[in-house]
Amino acid sequence: MFQKVFNDILSNLEYENIPFEVVTENGKSVIRIDCEDKIGKIIFDDTAKREAK
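All values reported here derive from a predicted model rather than from experimental measurement.

(A) Geometry of the sheet that holds strand β2 (residues 28-35). Across the sheet, 3 strands lie side by side as β1-β2-β3; this open sheet has antiparallel pairing. Looking at strand neighbours, the two that pair on one side only are β1 (20-25) and β3 (38-44), the edges of this open sheet. Taking the axes of each pair of neighbouring strands and ignoring which way they run, one obtains an average angle of 30° across the sheet. Relative to β3, β2 runs antiparallel, the two being bridged by 7 bridges. When the sheet's bridge partners are listed, V30 is paired in β3 with I43.

About the cut-offs
- Residues numbered from 1 in each chain as written.
- Predicted model: local features only at pLDDT ≥ 70, side-chain atom pairs only at ≥ 80, totals over all residues.
- Heavy atoms only, no water.
- Pairing = 2+ DSSP bridges.
- Helix = DSSP H or I, 4+ residues; strand = E, 2+ residues; numbered from the N terminus.
- Axes fitted to C-alpha atoms, helices over the stretch in contact; angles between N-to-C directions.

Bear in mind that shape data such as this cannot, by itself, settle questions of function.
Laid out in structure tokens, this is it:
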């Protein structure tokens, strides 16, 4: 599921012709999106799922 969500985001960025790059920061996958005057980041951190209370 995690990989599917990641790939779907990348596919959508490519389809919309939005400039981006995938990098690693502190061991986490990061999608850096060029938003003209700013850079947006989507950080993927594969962590354990919390239990519902």
